[in-house]
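# Tertiary structure, described
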Amino acid sequence: MSPFLGEVLGTAILILLGDGVVANVLLNRSKGQNSGWIVITTGWALAVTVAVYVVGHVSGAHINPAVTIGLAAIGQFDWAQVPSYIIAQMIGAFLGAVLVYVTYLPHWGITDDPELKLAVFSTGPAVRNPAANLVTEIIGTAALVLGVLGIGHPANNLAGGLSPLLVGFLVWSIGLSLGGPTGYAINPARDLGPRIAHAVLPIPGKGSSDWGYAWIPVVGPIIGGVLGAVLFQGLFG
């Protein structure tokens with residue numbers, strides 16, 4: 001398998017299991033309905049862990065443009081490969097969202113709230129304040145990339161089977177601690193790919209895809225990813 005297909009598959013797994021847990025919690029008459037934030041954050045952590053285990057040996061399992069750009073910014077990834085990785089991540093995110101839609105097909109029509117349907121696919125702020133929301137995404141993604149680089153540092157002797165699990169714990173921690181204001185996209189593909197899927201899929205009773213907010217979970221994570229990588233390089237490089 002090529003790195004391109006690895007990123008497609010890894011990101012699709014991430015979204016299938018990540019957006020899937022949100023659908024389970026939010027959609028009417030799902031077995032997991034109303035099970036809450038702990039279930040959502042745990043599901044996303046496990047989604048990351050599984051995706052990294054499956055394709056880490058193929059592509060490095062960036063599964064996130066913010067990680068790809070952050071690594072390139074500090075010379076740990078070839079800039080020439082950045083566009084293909086981001087395209088692969090976007091394709092994978094879209095496909096994963098489509099699979100979630102199919103999995104929960106009977107539940108869309110019996111869920112009345114269009115905002116809940118959108119929340120399955122993409123993030124939205126608890127309090128809409130663009131500047132504050134942007135800062136939240138920057139901080140969360142900086143913590144993500146800083147943590148990923150720390151886990152992968154040779155001095156920690158964590159290479160191999162334990163690293164993906166620890167990255168999952170990192171994402172779990174970010175969700176629990178920093179996810180409240182915006183729903184913690186911390187990944188442009190995670191938000192934009194499924195938001196596009198929401199816009200084009202025949203979801204009954206869906207509302208707006210909230211394109212006015214959509215730039216924040218794209219721009220914020222990219223800035224945060226670069227800042228986190230540069231900070232790590234400055235402190236430990």
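Secondary structure assignment for the chain yields 10 helices and zero strands. In sequence order, the chain lays out its α and β elements as α-α-α-α-α-α-α-α-α-α. Here the C-alpha radius of gyration of the chain, 17 Å, is about what a compact globule of 237 residues would show, namely 18 Å. The buried share of the chain, taken over its 237 residues, is 51%. Sequence-distant contacts, at least 24 apart, represent 77% of the contacts inside the chain between residues at least 6 apart. Carbon together with sulfur atoms contributes 70% to the accessible area of the chain, which is approximately 10,100 Å² in total. Counting 7 positive and 9 negative side-chain charges, the chain places the centres of these two groups 10 Å from one another.

Let us look at the nonpolar core. By size, the foremost hydrophobic cluster in this structure holds 50 residues, and its most contacted members are Leu-14, Trp-44, Trp-108, Val-120 and Phe-121. For this core, the element with the highest residue contribution is helix α1 (residues 3-26), accounting for eight residues. When near neighbours in sequence (up to four residues on either side) are disregarded, Trp-108 contacts Leu-27, Val-100, Tyr-101, Lys-117, Val-120, Phe-121, Ile-203 and Pro-204.

Time to look at unusual backbone geometry. Despite not being glycine, Ala-61 shows a phi value in the positive range, around 50 degrees. Note that Ala-61 resides in the loop between α2 (37-59) and α3 (65-73). At Ile-63, a position not held by glycine, the phi torsion is positive, near 45 degrees. Examined against the element boundaries, Ile-63 turns out to sit in the loop between α2 and α3. On the basis of relative accessible area, Ile-63 is assigned to the buried category, the value being 5%.

Scanning the entire structure with this criterion turns up one cavity of 30 Å³ or more. Roughly 30 Å³ of internal volume is contained in the largest cavity. The wall of the largest cavity is formed by Thr-136, Glu-137, Gly-140, Ile-174, Leu-178, Thr-182, Tyr-184 and Ile-186. At the level of elements, α7 (130-152) and α8 (163-178) are the ones that each hand at least two residues to the lining of the largest cavity. Ranked by the residues each element gives to the lining of the largest cavity, the list is headed by α7, at three residues. Looking at the lining of the largest cavity residue by residue, the classes come out as four nonpolar, three polar and one charged.

The next point concerns a nonpolar patch on the surface. Together, Met-1, Phe-4, Leu-5, Leu-9, Leu-17, Val-50, Val-54, Ile-87, Ile-91 and Leu-95 give the surface a local cluster of nonpolar side chains, amounting to about 810 Å² of exposed area. Broken down by secondary-structure element, the contributors of at least two residues to the nonpolar patch are α1, α2 and α4 (82-103). With respect to the helices and strands, Met-1 occurs in the segment before α1. Residue Met-1 is classed as exposed on the basis of its relative accessible area, which comes to 63%.

Analysis parameters
- Residues numbered from 1 in each chain as written.
- Predicted model: local features only at pLDDT ≥ 70, side-chain atom pairs only at ≥ 80, totals over all residues.
- Heavy atoms only, no water.
- Helix = DSSP H or I, 4+ residues; strand = E, 2+ residues; numbered from the N terminus.
- Rg over C-alpha atoms; globule rule 2.2 N^0.38 Å.
- Buried < 20%, exposed > 50% of the residue type's maximum accessible area, 1.4 Å probe, protein only.
- Contact = heavy atoms within 4.5 Å.
- Areas by Shrake-Rupley, 256 points an atom, 1.4 Å probe, with all protein chains shown as cover.
- Lys, Arg positive; Asp, Glu negative; His and termini not counted.
- Charge placed at Lys NZ, Arg CZ, Asp CG, Glu CD.
- Core = buried A, V, L, I, M, F, W, Y, C linked by side-chain atoms within 4.5 Å.
- 1 Å grid on protein atoms, 1.4 Å probe; cavity = no way out; pocket = protein on both sides within 12 Å on 5 of 7 lines; lining within 4 Å.
- Points joined across faces, edges and corners; volume = space filled by probe spheres on them.
- Nonpolar A, V, L, I, M, F, W, Y, C, P; charged D, E, K, R; others polar.
- Patch = residues over 30% accessible without salt bridge, like charges linked within 9 Å, V, L, I, M, F, W, Y side chains within 5 Å.
- Salt bridge = Lys/Arg side-chain N within 4 Å of Asp/Glu carboxyl O.

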